[in-house]
Amino acid sequence: MVRRFLRSPSGVFGGALFLVVAVVALLAGTIAPGDPLASAGASLQSPSLDHVMGTDNFGRDLFRAVVHGTRTSMTVVAAVVAMSLVIGMVVGMVSGYVGGVVDSVLMRVTEMFQSVPRFFLAILVVGLFGSGLDNLVLLLGLTSWDLLARVVRAESLSLRKREFVDAARSMGASPVRILLRHILPNVLPSAVVVASLLGSRVILIEAALAFIGLGDPNAVSLGSLLDNAQQFLSVAWWMSAFPGIAIAVAVLGLNLMGDAVNDLLNPLSVTAARPRRSYKGVLAPAK
Amino acid sequence: MGYVVRRLLQTLPTIAAILVIAFLMVQLAPGDAVDALAGGGGDEAYYDYLRSYLQLDRPLPEQFLSYAGHLLRGDMSISFVQGGRPVAELIAQRLPATLLLISTALLIATAGGLVLGSLAARRPFGAFDMGITTTALVSYSLPAFWLAQLALITLAFRLGLFPVQGMTDARADYTGLAHYLDVGRHLVLPALVLATSDLALVTRVTRAGLVQELDRDYVRTAKGLGLRERDVVVRHALPNALLPVVTVIGNRIGLLFTVTVVVETVFGWPGLGTLLLQAAQTRDRPLLLGMMLVVAAFVTLANLATDLIYAWIDPRIRFD
């Protein structure tokens, strides 16, 4: 699995992009020391050796702001993805393994969450309850697990019929043990794919909220940097360019990685489609 | 026809649930419309007057029932903040601009995506295909509001090709044809930006579907019969590759309504997005609820339309 992933050039490239972003987020204080909200010189300087990304209208160093903004974004992403993974995997595994009434109830609930217009809800919640990052993380973490649950359920559904699960059951293993020891390791790869695509969506939502002025005022965010740039578009292109590139790199990395893993798991998927080399292999008709 | 009616009836509980949840949430939030209207630290008696005037002093269930009752009679009640004007009027005033923007973007994304995807699928993994696929992948990852800013910096400010803000030129008072041209000029950039990620997605899905279809026996037969390549693609393969494209477009309409919020903000487009932001900032409950309703209704209709188009494209699908 890992070896096949490493053979996909776009996957490796995406992974590398994401790795860079993650390292920047983790080492933000070392890479760009100092308070990102403090002034560092004259305002609206274009990029130079002193300030590689220039300064903004308050004289803040943009490189420092972008690095710390990346950290904010990735913190939100990590928290939301972790919450969604826990909820989604528990719901999906229980639903798929137990089946019956439990399954139908859990899936109806999942469908409800699926039809929630997330960004609208986020505007409502953040606009009404205040724009702390904790509100945002809670809201997104509690509402974004629907796809994860469905994918994990589908996998568990097929896994519970497999011999090794039967064997474990006949040896008297408890359902909890079967779920944790036998089902969990097998659903994890697909869960990771969905999680990385979810991560890219979360980055965009967080940035969009900060952009329309609903971000956390106490944290530097890539979105709020862009919001700030809006009034200076005609005089300071760098205020918009660099934070945007940071968002795009993070999102692209996660998308590429997700796509590559998805191609491995599902050779008929949208991105994996390639011509058959021979007419011997019979493919299922595309729907 | 019976199917359409049944589908519409099925959506009523969902919309009702959204309404109740939104109503409760606005209620639970700290602060209320009176704070937003009159500011803090003012005359208590005036606050009380405002609360009773807006009926905010009644018990919650009564407030909700009164709202729902008015709604059933087609009355979305009046805005708390915007000069007490009817919500329906406020929304109706902004809706056309948003619909114009969204439908133009959809048109660009669909038509452009089908053409680009078909061109790319002709020689899979050729230079043109790789170029298109890579561009699509990258542009799918760009945040719309940043793309909007880049478009403004380069095309509007530097090159002066397009107007910067708004829907019409405020200095000139065009009428007739000139007015439409003016709106069209203002529409180009926001619509293109809004369309970008969908264009990328439709291109990828079209390409992937066509690559699979073009490899099938009937395509070989058609080519063997001596049909021109364009006819083979457009008349035989493309219709079969179209179903996933319709699904993708249908699913994205809801998303378009949300992305348009940020795009409208950047371009100062006078649509629902900017109204939604005002409503959220001023806790204008009737306006917020009204907008949630309208958007939910449009998304539902879009889903229904998607299903109907399905049956139209693929005669094997029948509803009963």
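Note that the coordinates shown come from a computational prediction; the quantities given were computed from them, not determined experimentally.

About the criteria used
Residues numbered from 1 in each chain as written. Chains lettered and ligands numbered in written order. Predicted model: local features only at pLDDT ≥ 70, side-chain atom pairs only at ≥ 80, totals over all residues. Heavy atoms only, no water. Salt bridge = Lys/Arg side-chain N within 4 Å of Asp/Glu carboxyl O. Helix = DSSP H or I, 4+ residues; strand = E, 2+ residues; numbered from the N terminus. Buried < 20%, exposed > 50% of the residue type's maximum accessible area, 1.4 Å probe, protein only. Domains from an automatic or database assignment. Contact = heavy atoms within 4.5 Å. Buried area = accessible area lost by both parts, 1.4 Å probe. Phe/Tyr/Trp six-rings, centres within 6.5 Å; stacked < 30°, edge-to-face > 60°.

## Some remarks on the pattern of salt bridges
Opposite charge on two side chains permits them to pair, given that their charged atoms come into close proximity.
Residues and elements named next belong to chain B.
1) Next: Under the definition given, this model contains 9 salt bridges over all chains.
2) Next: Across the salt bridge formed by Arg185 and Asp182, the nearest N and O atoms sit 3.9 Å from each other. Of the two residues, Arg185 and Asp182 are both situated in helix H8 (residues 176-213); the distance of 3 residues between them amounts to about one turn of the helix.
3) Next: Take Arg185: its relative accessible area is 41%, and that puts it in the partly exposed class.
4) Next: Among the residues examined, Asp182 registers a relative accessible area of 3% and is labelled buried.
5) Next: The shortest N-O distance in the salt bridge between Arg220 and Asp217 comes to 2.9 Å.

## Structural notes on the domain arrangement of chain B
Residue and element names in this part refer to chain B.
1) Next: One can read the domain layout of chain B as domain 1 (2-72) and domain 2 (93-313).
2) Next: The C-alpha-based centres of domain 1 and domain 2 are spaced at 34 Å.
3) Next: Contacts between the two partners involve 21 residues from domain 1 and, on the opposite side, 16 residues from domain 2.
4) Next: Carbon and sulfur atoms make up 75% of the area that domain 1 and domain 2 hide from each other, which totals about 1600 Å².
5) Next: Counting the surface domain 1 buries against domain 2, the share from its top three residues, Arg7, Ile15 and Val26, is 29%.
6) Next: Counting every contact that joins domain 1 to domain 2 gives 0 salt bridges.
7) Next: Residue assignment for the side of domain 1 that touches domain 2 shows that the elements contributing at least two residues are helix H1 (2-28), helix H2 (33-38) and helix H4 (60-72).

## Describing the packing of aromatic side chains
1) Next: Counted according to the given criterion, the structure contains 4 aromatic pairs over all chains.
2) Next: Consider the rings of Phe211 of chain A and Phe145 of chain B, whose centres lie 4.6 Å apart with planes at 20°: the pair is stacked. Taken together, the residues span two chains, with Phe211 of chain A in helix H10 (residues 175-211) and Phe145 of chain B in helix H7 (residues 144-158).
3) Next: Given the relative accessible area of 2%, Phe211 of chain A is considered buried.
4) Next: Since its relative accessible area comes to 3%, Phe145 of chain B is described here as buried.
5) Next: Ring geometry for Trp237 of chain A and Trp238 of chain A: centres 5.8 Å apart, planes at 85°, overall edge-to-face.
6) Next: A connected cluster of aromatic rings, assembled from ring pairs, spans Trp237, Trp238 and Phe242 of chain A.

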